[in-house]
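What follows is each chain in one-letter form.
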Amino acid sequence: MADFHAKSIKQLTKELKTDLDFGLTREEVGKRQKKYGPNKLPEAKPPSAFIIFLRQFNNLFSYILMAAAIVSFLLHEYIDMWVIVAAIFLNVIIGFVQENKAQKTIFALKKMVVVTAKVLREGHVHVMDSEELVPGDIIFLDAGDKVPADARLVETMDFQVNEAALTGESVPSKKETKTLDKKVPLADRENMIYMATVAVAGKAKAVVYAIGLSTEIGHVARLLVEVKEEPTPLQIRMKKLSATIGFFVLVCCLLIIIGGVITGRSPGEMFIFGVAIAVAAIPEGLIAAVTIILALGMTRILRKKALTRTLLAAETLGSTSVICADKTGTITSGKMVVERIHTTSGSCSVRDLGKRDGELNQVLKIGMLCNDLHFESIEGPPEKWRLIGDPTEKALIIAAGLANLDKAELEKDLVQVTEIPFDSYLKYMATAYQDKKAKKIRIFVKGATERLLSESGYLYKKGRVHKFTEREKEKFLKINEELSKKAYRVIACAFKEIKVSKEKLDLKKEVESNLVFCGVIGIRDPIRPGVKEAIKMCLGAGIKIKMITGDHKLTAQAIAKEIGLPAQDEEILSGDEMDSMTPDQLEYKIPKIKIFARVAPKHKIQIVDALQRQKEVTAMTGDGVNDAPALKSADIGIAMGTGTEVAKEASDMILEDNNFRTIEAAVEEGRNIFNNIRKVTLYLLSDSFSELILIGGCLLLGLPLPILPVQILWVNLVEDGLPDFALAFEPGEKEVMKDPPRKLEEPILNQEMKVLIFIIGIITDLILFGLFLWLWKTTHDLVYIRTMIFAALGVDSLLYVFSCRSLRHSIFQKNPLTNKLLVLAVVIGFTMIFLALYTPFFQTILRTQALSLKDWSILIGLGIFEIIAIEITKWIFIVKKKKAYA
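Residues numbered from 1 in each chain as written. Predicted model: local features only at pLDDT ≥ 70, side-chain atom pairs only at ≥ 80, totals over all residues. Heavy atoms only, no water.

(A) Region of the structure containing the overall build of the chain. If you tally the helices and strands in the chain, you get 34 helices and 26 strands. Put simply, of all contacts in the chain between residues at least 6 apart along the chain, 72% involve residues at least 24 apart. If you sum the accessible surface of the chain, you get close to 38600 Å²; carbon and sulfur atoms cover 59% of it. (Helix = DSSP H or I, 4+ residues; strand = E, 2+ residues; numbered from the N terminus. Contact = heavy atoms within 4.5 Å. Areas by Shrake-Rupley, 256 points an atom, 1.4 Å probe, with all protein chains shown as cover.)

Rendered as structure tokens:
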């Protein structure tokens, strides 16, 4: 794209072949519309419901179970086949209902930029849909207009544009027409305006040079399309776990089938064994359980005022190791507010505005009357007033409103006669009013502190005018310096009263001598409540915070210091410095950087990418259009509830209360989610491992199949299903926020879990083998023996689930009533065992028989013995952990 900011207006019109006074002809517009297309962004179609449904089958567990169902069908084991098919569809339906992530980002962008435009064509101004604009069109803008395309300014009158949505800066950009240097960065191109930004003051005339995807906002849209959806940490871990289980199952099935055939068993019998092993080893309820845990986590996070837009985002929060916090709208509110007022009586905050004294009243009065803001509506409290104009002017009006000043009442006896608009050279704005009663001209001035101090000969003190001493001037200069260091925009206020007719008034001359100085106002984009405390909590949880902003270094440094992120000069990196660095250089330097200043959208993506290459799980916060690509690229994108629709649609989570502290609460919930996933995984895999070893061992010893595939599915889905669902409701443990962030490569199954699964499996198998061999030798009744093994597996899983509630605490330290749902699930589980054993319908399907009281005493005794063994193993690990922490 041509550097139009570095070209003169004459060069501009020549290159774009347009006329500033006539515009384009209808014929020329038609040609350019054919060449450049409409001024809009491309549309993308979201996946259909059918595609989302089909995607639910695309996992290894489903493939293995489908293969098992086909083998059951070929072997005429129809009951087993239908039970397996039902298990597959249960998981598919849960996944389909929960997955509803629509790709709406491009649509939000499109919705944002479709506006009308005032266009000069063939010498006449027309109001038309912005989609009809072409390069070379001459457009006109007033305060309140959305900019319809990227354009170069050719005429301005006190014109200001709020570019926060694009650049991240909350202070409006004051526009001019002079030619700039080629190297001037985007945020400082004061002779340019960009699509989707908003004019807040003045008037302007401009020449369109870019439309649609060629605009700066179009580049953002293109970046969003180009950003790849990387798998989340949980997806990676689940994929690895599935692959490990799948490979293990296939190898076991093949070895057992081949070994059985070699030892003389029939292929048909061995395929039944193979199906039994596959069904035993696959934790059928795991995918459904994880989905339910994530859905419950989303609900809990929502209660804390954060909306997670995808299931996986809820868990990814718990893995977060770095938060890239956008300053404007995230750390700060994104609105300019009067925070400090200093007069001769002292200083006050915005909270003290109701307690007005004479000096404070005069300062606020000047701020209200020396103001060119337009009032659209003043209904409700001042914060809700609808005002059009510069955000700084808005802040002054709102502050005066909070102090119960009424502009209409103030102007009751005053008539404005003239004004001097703010000028960057003069460094002040002035208004003059005719006082009807006193027959005086009252002049109100606001501007740069240094300029007004130099023009002031008097000081307003205790309701009277006094001579202004040099010592008092030094005091206000010091106040100005202190406020500037804290990132305040400082505005001084002064006034003057003269007896002269309005016809003879020379306002500029009067302003530049003998003003009465009143005080200074500190205005800034305030830090959100609770941010400092939330950052402290995140740092305590081992999470690194990096502040990203479009502001200058000094402003960013002052804000960072105030929120508890003090940064030295070497810990700050600017967008210009990033432009001269290679990806490897940025990756090397990024761990030391706390603040990124003067950044553009492309820099935010580079920051996220560099952190991800270092295996950091990165969360990016933001609220503007400029944040959208990085929000989408990050492991978890966090948008503010009051942010742009584009940012929300590109994000994974939306903070409804705009409170940074909510992120800390959501991270804690994310860690609890992962812990509960681990508990469910431990519970289900322990059962699966036990069943696998039991079946394989019987085969190697030449014994009959100890449990049927349909009985295994009943245990895995019915007996284990409700308890693993109830584990999803397990309350979080307070120690989670003392743990460091999980490493990206850390698996779901850690060393402790593997040992516990092995111990549970071995103990269970030794017990069941002993039971099977004893019953086989004493009864040779295969239906009775399989019923006992079936019941033993069910009882064991319903008892040791209480040991799986915590890997940090013993079963005896956990009150079972803190998870009443689990107690209910266990009661229902025992009820289902009774139904399976004592009702004719289920006896037929599951091939079971009724058991005696003696049989039940054996089963309960074996279950208690297993819990004791598990708790001893847990105690060893708990002691080891305590020593490590110490």
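From this point, the narrative continues.
(B) Representation of the environment of Ala289 in the model. Looking at where Ala289 falls in the secondary structure, it is placed in helix 11 (residues 285-303). Separated by 437 residues in sequence, Ala289 and Ala726 have C-alpha atoms that sit 9.3 Å apart. Residue contacts for Ala289: discarding those within four places in its chain leaves Val680 and Asp724.

(C) Quick look at helix 15 (residues 391-402). The first and last C-alpha atoms of helix 15 sit 16 Å apart over 12 residues, in line with the 16 Å expected at 1.5 Å per residue. For helix 15, the buried fraction is high: 9 of the 12 residues fall into the buried class. Taken residue by residue, helix 15 has Pro391, Thr392, Glu393, Ala395, Leu396, Ile397, Ala399, Ala400 and Gly401 as its buried positions. (Expected span 1.5 Å × (residues − 1). Buried < 20%, exposed > 50% of the residue type's maximum accessible area, 1.4 Å probe, protein only.)

(D) Unusual backbone geometry, seen in detail. Here Arg598, not a glycine, exhibits a phi torsion of approximately 55°, which is positive. For Arg598, the location among the structural elements is in the loop between strand 23 (595-597) and helix 24 (601-613). Take Arg598: its relative accessible area is 17%, and that puts it in the buried class. Phi angles above zero are rare outside glycine, and Lys615 is one such case at about 65°.

(E) Just the pairing of strand 11 (residues 346-349), in detail. Sheet topology places strand 10 (residues 337-343) next to strand 11; 4 bridges connect them, and they run antiparallel. Pairing of His342 across the sheet is with Ser347, part of strand 11. Counted along the chain from strand 10 to the antiparallel partner strand 11, the turn is 2 residues long. (Pairing = 2+ DSSP bridges.)

(F) Structural detail: the sheet that holds strand 9 (residues 322-326). Strand order in the open sheet made by the 8 strands is 8-26-25-24-9-21-23-22, with mixed pairing throughout. Two strands in the sheet have a free side with no partner beyond their single neighbour: strand 8 (306-308) and strand 22 (572-574). The average angle at which neighbouring strand axes cross in this sheet is 20°, direction not considered. Sheet contacts for helix 21 (residues 553-562): strand 21 (544-548), strand 22 and strand 23; angle to strand 23, the most-contacted strand, approximately 150°. (Axes fitted to C-alpha atoms, helices over the stretch in contact; angles between N-to-C directions.)

(G) View of helix 28 (residues 709-719). Counting buried positions along helix 28 gives 9 out of 11 residues, so the element sits mostly inside the fold. Among all positions of helix 28, only Pro709, Val710, Gln711, Ile712, Leu713, Trp714, Val715, Asn716 and Glu719 are buried.

(H) Geometry of the nonpolar core. Among the nonpolar cores identified, the biggest contains 116 residues, and Ile323, Phe660 and Ile789 are the most heavily contacted of them. Ignoring sequence-local partners within four residues, the contact set of Ile789 consists of Leu694, Pro706, Ile707, Leu768, Leu771 and Phe772. In this structure, Leu360, Leu364, Ala395 and Ala399 belong to the second largest nonpolar core, which totals 34 residues. (Core = buried A, V, L, I, M, F, W, Y, C linked by side-chain atoms within 4.5 Å.)

(I) Molecular detail of the environment of Phe842. By secondary structure assignment, the location of Phe842 is in helix 33 (residues 840-846). What makes Phe842 partly exposed here is its relative accessible area of 21%. In this structure Phe842 touches Trp714, Leu835, Ala836, Arg847 and Thr848, once residues within four positions along its chain are discounted.

(J) Representation of the pairing of strand 9 in the model. Of all 5 residues in strand 9, 5 are buried; the element is thus mostly enclosed. Side chains Val322, Cys324 and Asp326 of strand 9 all project onto a buried face; the interleaved residues Ile323 and Ala325 project onto the opposite face, where all are buried too. Bridge analysis of strand 9 against strand 21 gives 5 bridges, and the strand direction is parallel. When the sheet's bridge partners are listed, Cys324 is paired in strand 21 with Lys546. Two strands pair when backbone bridges link them, and strand 9 and strand 24 (residues 618-622) are joined in this way by 4 bridges, in the parallel orientation. What sits directly across from Val322, in strand 24, is Thr618.

(K) Structural view of the side chain of Arg121. Inspection of the secondary structure assignment puts Arg121 in strand 1 (residues 116-121). The exposure class of Arg121 is buried, given its relative accessible area of 10%. Residues contacting Arg121, with those up to four places away along its chain left out, are Phe22, Leu24, Val29, His126, Met128, Glu132, Leu133, Val134 and Asp137.

(L) Focus on the packing of helix 28 against helix 32 (residues 820-838). Contact geometry for helix 28 and helix 32: axes closest at 10 Å, N-to-C directions at 150°. With respect to their mutual orientation, helix 28 and helix 32 come out roughly antiparallel. Here helix 28 runs over helix 32; the crossing is right-handed. Note on element contacts: helix 32 touches helix 28 through Gly829, Phe830, Met832, Ile833 and Ala836, opposite Trp714, Val718 and Glu719. Looking at the contact of helix 28 with helix 32, its residues break down into 6 nonpolar, 1 polar and 1 charged. (Parallel < 35°, antiparallel > 145°, perpendicular 65-115°, else oblique. Left-handed = near helix turned anticlockwise from the far one by under 90°. Nonpolar A, V, L, I, M, F, W, Y, C, P; charged D, E, K, R; others polar.)

(M) Looking closely at the packing of aromatic side chains. For the structure on display, the rule yields 12 aromatic pairs. Consider the rings of Tyr433 and Phe444, whose centres lie 5.8 Å apart with planes at 65°: the pair is edge-to-face. Of this pair, Tyr433 sits in strand 15 (residues 428-435) while Phe444 sits in strand 16 (residues 440-447), and the two are 11 residues apart along the sequence. Ring geometry for Phe834 versus Tyr838: centroids 6.3 Å apart, planes at 45°, classification tilted. (Phe/Tyr/Trp six-rings, centres within 6.5 Å; stacked < 30°, edge-to-face > 60°.)

(N) Highlighting the environment of Asn658. Here Asn658 shows up in the loop between strand 26 (653-655) and helix 27 (660-700). C-alpha of Asn658 to C-alpha of Gly329: the two residues are 329 residues apart in sequence and 8.2 Å apart in space. Those residues in contact with Asn658, other than ones at most four positions away along the chain, are Arg528, Met640, Gly641 and Thr642.

(O) Fine view of a negative patch on the surface. A cluster of acidic residues, Asp158, Asp372, Glu419 and Asp423, forms a negative patch at the surface. Within the fold, Asp423 resides in strand 14 (residues 414-423). (Patch = residues over 30% accessible without salt bridge, like charges linked within 9 Å, V, L, I, M, F, W, Y side chains within 5 Å. Salt bridge = Lys/Arg side-chain N within 4 Å of Asp/Glu carboxyl O. Lys, Arg positive; Asp, Glu negative; His and termini not counted. Charge placed at Lys NZ, Arg CZ, Asp CG, Glu CD.)

(P) Spotlight on the packing of helix 20 (residues 531-540) against helix 27. Contact geometry for helix 20 and helix 27: axes closest at 7 Å, N-to-C directions at 30°. In this view, helix 20 runs roughly parallel relative to helix 27, as classed from their interaxial angle. Here the hand of the crossing between helix 20 and helix 27 comes out left-handed. Touching Val531, Glu533, Ala534, Ile535, Met537 and Cys538 of helix 20 are Phe660, Arg661 and Glu664, all from helix 27. Class assignment of the residues belonging to the contact of helix 20 with helix 27 gives a composition of 6 nonpolar, no polar and 3 charged.

(Q) Main features of the pattern of salt bridges. Going through the model one piece at a time under the given rule, you end up with 39 salt bridges. For Arg451, the salt bridge goes to Glu455, with nearest N and O atoms at 3.0 Å. Here Arg451 pairs with Glu455, and both are found in helix 17 (residues 449-455), just 4 residues apart, close to one helical turn. Residues Arg451 and Glu455 agree in their burial class; the two are buried. The closest approach of N and O atoms between Glu733 and Arg808, which form a salt bridge, is 3.7 Å. Within this pair, whereas Glu733 is found in the loop between helix 29 (721-727) and helix 30 (751-778), its partner Arg808 is found in the loop between helix 31 (782-800) and helix 32, the two being separated by 75 residues in sequence. Grouping residues by exposure puts Glu733 and Arg808 together as buried. One continuous salt-bridge network, built from bridges that share partners, spans Lys118, Asp142, Asp145 and Lys203.

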